[in-house]
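What the coordinates show
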Amino acid sequence: MSKNIQAIRGMNDILPEQTPLWRYFENGVASLLDGYGYRQIRMPIVEFTELFKRSIGEVTDIVEKEMYTFEDRNGDSLTLRPEGTASCVRAVLEHGISGGGQLQKLWYVGPMFRHERPQKGRYRQFHQIGVEVFNLPGPDIDAELIVLTWRLWGLLGLREAVTLELNSLGSSEARARYREALVEYLSARFEQLDEDSQRRLSSNPLRILDSKSPDTQALLVDAPKLADYLDEESRLHFEGLKARLDAAGVPYVINSKLVRGLDYYGKTVFEWVTDQLGAQGTVCAGGRYDGLVEQLGGKPTPAVGFAMGVERLVLLLETLDKVPAELSRQVDLYFCAFGEAAELAALALAEQLRDALPGMRLAVNAGAGSFKSQLKKADKSGALYALVLGEDELAGRIVGLKPLRADGEQQSVGWDELGERLAACLQA
Ligand code: HAM
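Now for a quick tour of the structure. This one's a predicted model, so the numbers in the text were calculated from it and none came from an experiment.

Quick look at the sheet that holds strand β13 (residues 362-364)
Taken together, the five strands give an open sheet; going across it, the order is β13-β12-β14-β15-β16, and neighbouring strands pair in mixed fashion. The open sheet terminates on both sides in strands that have one partner only, identified here as β13 and β16 (411-414). Ignoring which end each strand starts from, the neighbouring axes of this sheet average 25° apart. Relative to strand β14 (residues 385-389), strand β12 (residues 333-337) runs parallel, the two sharing five bridges. Counterpart to Phe335 in the pairing with β14 is Leu387.

The following block contains the structure:
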């Protein structure tokens, strides 16, 4: 017998038990972003490989070892997007919608692909909701992005579980000066660095600040600090951001070692982290990337954004028991009918109820079955009430209304009053 084909490692099915929570989360974020005036953009999942190389950076982990890159039938090198910022910039440039200083506040949702080692909270196909803003250079918009995520954590009941880490990477000149000082300091201690950091010293030395090695971290205690190399403009920008977060009451910690794994950032960078998920604790991350649009061929365009990891936030909601109870309910009502004549009447009545009560969720029993088996299915559906229609009810033009989640007798309701009665029941 041939072996069953399975899903690719690190690429998961989201099963029906999980989709209500996904939709709760995604719809919650979508309506929050609507409320702040952001508009959705949808980009393709595949782009030319060159786009990611030129934006994320040739010597980043993502581009060096994590991209799903393949040759198209006509010989083009294509890549499944590892993130959304590059595609979003490509799209606004291509359609000329960020030129001439046009304000754009955009968001997107969808799968991203990175060939990482799968573990809890880290997958090869994962989902992000990202936000990108073009043509606002000041710290006010950086603050708005952070404030709106803070509001989201409030709506989801996650505020206690997340911490905002904040840093400024300064201008590219300031970073270059700092890089020189850091390389000088670490070169003198080369032998004490872990292997990865030794390699990074020549390719991407700032990433050494992120090293997980305790020995390397110990070395960094006395290393030059990025904050001491900040240019005046970046310093003022950072002060402006902190003042706004203070005014809005958003708590944060400064993490001077926060550098992020993508090359396009300058000035503000931030991460929302949690200690509730083990090693993969960053649930939302972003920053300013004022140079990227120009780097990809556009006019100089200030830009800032972030992306959150849907899997990690869903996991966090589950871990902290913040899943609303009603999500386990598939339907509000379950219609049981016994005998063919009752089935026909139930079908017609159900359609009338759908007209009368939009938003109500009603399952009509299919596949017939005994009273006991239909009620069992009604119970399993999570419905609040079963509607019961047998020969007697049919003759009397009534329906039995049986509460499934609370005590109480089955009651008879006339067909004409059913809509009104159910509206009242479901509101209570
Ligand atoms: P990132 O830090 O690479 O940034 O990813 C953002 C978030 O996506 C992470 O904080 C995490 O929650 C989630 N994530 C990343 N990789 C995985 C994975 N393998 N499995 C599960 N979740 C993952 C970006 O992608 C930038 N484009 C963010 C941005 C937008 N910056 C400016 N605008």
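Notes on the site of the ligand
Lining the immediate environment of the ligand, one finds 26 residues, of which Glu83, Thr85, Glu116, Glu132 and Tyr265 sit closest. Here a nitrogen atom of the ligand and a side-chain polar atom of Glu116 are 2.7 Å apart. Separating a nitrogen atom of the ligand from a side-chain N or O atom of Glu132 is a distance of 2.8 Å. For the ligand, whose unbound accessible area comes to 660 Å², protein coverage reaches 96%. Mapped onto the shell around the ligand, the elements with two or more residues apiece are β6 (125-134), β10 (282-288) and β11 (303-309). The dominant element in the shell around the ligand, judged by the number of residues it contributes, is β10, at six residues. Grouping the amino acids of the shell around the ligand by side-chain chemistry returns eleven nonpolar, eight polar and seven charged.

Observations regarding a nonpolar patch on the surface
Together, Ile45, Val46 and Phe70 make up a nonpolar patch on the protein surface, roughly 210 Å² of accessible area in all. Mapped onto the elements of the fold, Ile45 is located in the loop between β1 (39-40) and β2 (46-48).

Things to note about the environment of Tyr252
Tracing the chain through its elements places Tyr252 in the loop between α9 (232-248) and β8 (253-254). Sequence-wise, Tyr252 and Leu106 are 146 residues apart; in three dimensions their C-alpha atoms are separated by 25 Å. Every residue in contact with Tyr252, bar those within four places of it in the chain, is listed here: Leu164, Leu166, Lys242, Leu245 and Asp246. Looking at Tyr252, its side chain comes within polar contact range of the side chain of Asp246, at 3.1 Å.

A closer look at the packing of aromatic side chains
Under the definition given, this model contains eight aromatic pairs. On the basis of an interplanar angle of 40° and a centroid distance of 5.5 Å, the ring pair of Phe338 and Phe371 is categorised as tilted. Of this pair, Phe338 sits in the loop between β12 and α12 (340-356) while Phe371 sits in helix α13 (residues 371-380); the two residues are 33 residues apart in sequence, bridging distant segments of the chain. In this structure Phe371 comes out as partly exposed when scored by relative accessible area, which is 42%. The cationic tip of Arg189 hangs over the ring face of Tyr185; the distance from NZ or CZ to the ring centre is 3.8 Å.

Remarks on the environment of Arg159
Inspection of the secondary structure assignment puts Arg159 in the loop between α5 (139-156) and β7 (162-168). Owing to a relative accessible area of 34%, Arg159 belongs among the partly exposed residues under this scheme. Here the alpha-carbon distance between Arg159 and Gly240, two residues 81 residues apart in the chain, equals 23 Å. Leaving out residues up to four positions away in the same chain, Arg159 has contacts with Trp150, Arg151, Trp153 and Gly154. For Arg159, the side chain forms a polar contact with the main-chain oxygen of Trp150, separated by 3.1 Å.

Conventions adopted
Residues numbered from 1 in each chain as written. Predicted model: local features only at pLDDT ≥ 70, side-chain atom pairs only at ≥ 80, totals over all residues. Heavy atoms only, no water. Pairing = 2+ DSSP bridges. Helix = DSSP H or I, 4+ residues; strand = E, 2+ residues; numbered from the N terminus. Axes fitted to C-alpha atoms, helices over the stretch in contact; angles between N-to-C directions. Near = heavy atom within 4 Å. Polar contact = N/O pair within 3.5 Å; in protein donor to acceptor, adjacent residues only side chain to side chain. Areas by Shrake-Rupley, 256 points an atom, 1.4 Å probe, with all protein chains shown as cover. Nonpolar A, V, L, I, M, F, W, Y, C, P; charged D, E, K, R; others polar. Patch = residues over 30% accessible without salt bridge, like charges linked within 9 Å, V, L, I, M, F, W, Y side chains within 5 Å. Salt bridge = Lys/Arg side-chain N within 4 Å of Asp/Glu carboxyl O. Contact = heavy atoms within 4.5 Å. Phe/Tyr/Trp six-rings, centres within 6.5 Å; stacked < 30°, edge-to-face > 60°. Buried < 20%, exposed > 50% of the residue type's maximum accessible area, 1.4 Å probe, protein only. Lys NZ or Arg CZ within 6 Å of the ring centre and 35° of its normal.

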